[in-house]
Amino acid sequence: MMFKSLEGKEVTIHFIDGSSVTNGKIEEVDDQSVRYRDEFQILYIPISSIKSVAVNTKERQRPRVGFSQ
């Protein structure tokens, strides 16, 4: 199952109804649901209600370019 590989990763889950949850981690996956934990709550999300999942990646810091005197 594709969600199994996302266990322990910080993700944003987008739902079929247009809402989403972000800044949480997928803790556990079974055949019918995903357990998702963020700072405030634990959600048991039916897989059938998920439209897409995006892995949150940290934006890379670009080196500063400039001159100082």
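These lines cover the structure that appears in this document, whether it is placed above or below. Since this is a predicted model, take the numbers as computed values, not measurements.

1. Observations regarding the overall build of the chain
Consideration 1: For the chain, the count of helices and strands is zero helices and five strands.
Consideration 2: For the chain, the N- to C-terminal ordering of α and β elements is β-β-β-β-β.
Consideration 3: Going through the 69 residues of the chain one by one, you find that 25% of them count as buried.
Consideration 4: Sequence-distant contacts, at least 24 apart, represent 40% of the contacts inside the chain between residues at least 6 apart.
Consideration 5: Accessible surface for the chain amounts to roughly 5800 Å². Of this, 49% is attributable to carbon and sulfur atoms.

2. Observations concerning unusual backbone geometry
Consideration 1: Located in the positive-phi region is Asn23, a residue other than glycine, with phi close to 65°.
Consideration 2: Within the secondary structure, Asn23 sits in strand S2 (residues 20-29).

3. Here we look at the sheet that holds strand S1 (residues 10-15)
Consideration 1: Strand order across the open sheet formed by five strands is S4-S3-S2-S1-S5, with antiparallel pairing between neighbours. At either end of the open sheet lies a strand with only one pairing partner, and these are strand S4 (42-46) and strand S5 (50-55). Strand-to-strand twist across the sheet, computed as the mean angle between neighbouring axes with direction ignored, equals 45°.
Consideration 2: Pairing geometry for S2 and strand S3 (residues 33-37), over four bridges, is antiparallel. What sits directly across from Val29, in S3, is Val34.

4. Section: the pattern of salt bridges
Consideration 1: In total, this model carries four salt bridges according to the counting rule given.
Consideration 2: Linking Arg35 and Glu28 is a salt bridge whose minimum nitrogen-to-oxygen distance equals 3.6 Å.
Consideration 3: With a relative accessible area of 24%, Arg35 lands in the partly exposed category.

5. Considering the side chain of Ser33
Consideration 1: In this fold, Ser33 is placed in strand S3.
Consideration 2: With a relative accessible area of 18%, Ser33 lands in the buried category.

Rules used throughout
Residues numbered from 1 in each chain as written. Predicted model: local features only at pLDDT ≥ 70, side-chain atom pairs only at ≥ 80, totals over all residues. Heavy atoms only, no water. Helix = DSSP H or I, 4+ residues; strand = E, 2+ residues; numbered from the N terminus. Buried < 20%, exposed > 50% of the residue type's maximum accessible area, 1.4 Å probe, protein only. Contact = heavy atoms within 4.5 Å. Areas by Shrake-Rupley, 256 points an atom, 1.4 Å probe, with all protein chains shown as cover. Pairing = 2+ DSSP bridges. Axes fitted to C-alpha atoms, helices over the stretch in contact; angles between N-to-C directions. Salt bridge = Lys/Arg side-chain N within 4 Å of Asp/Glu carboxyl O.

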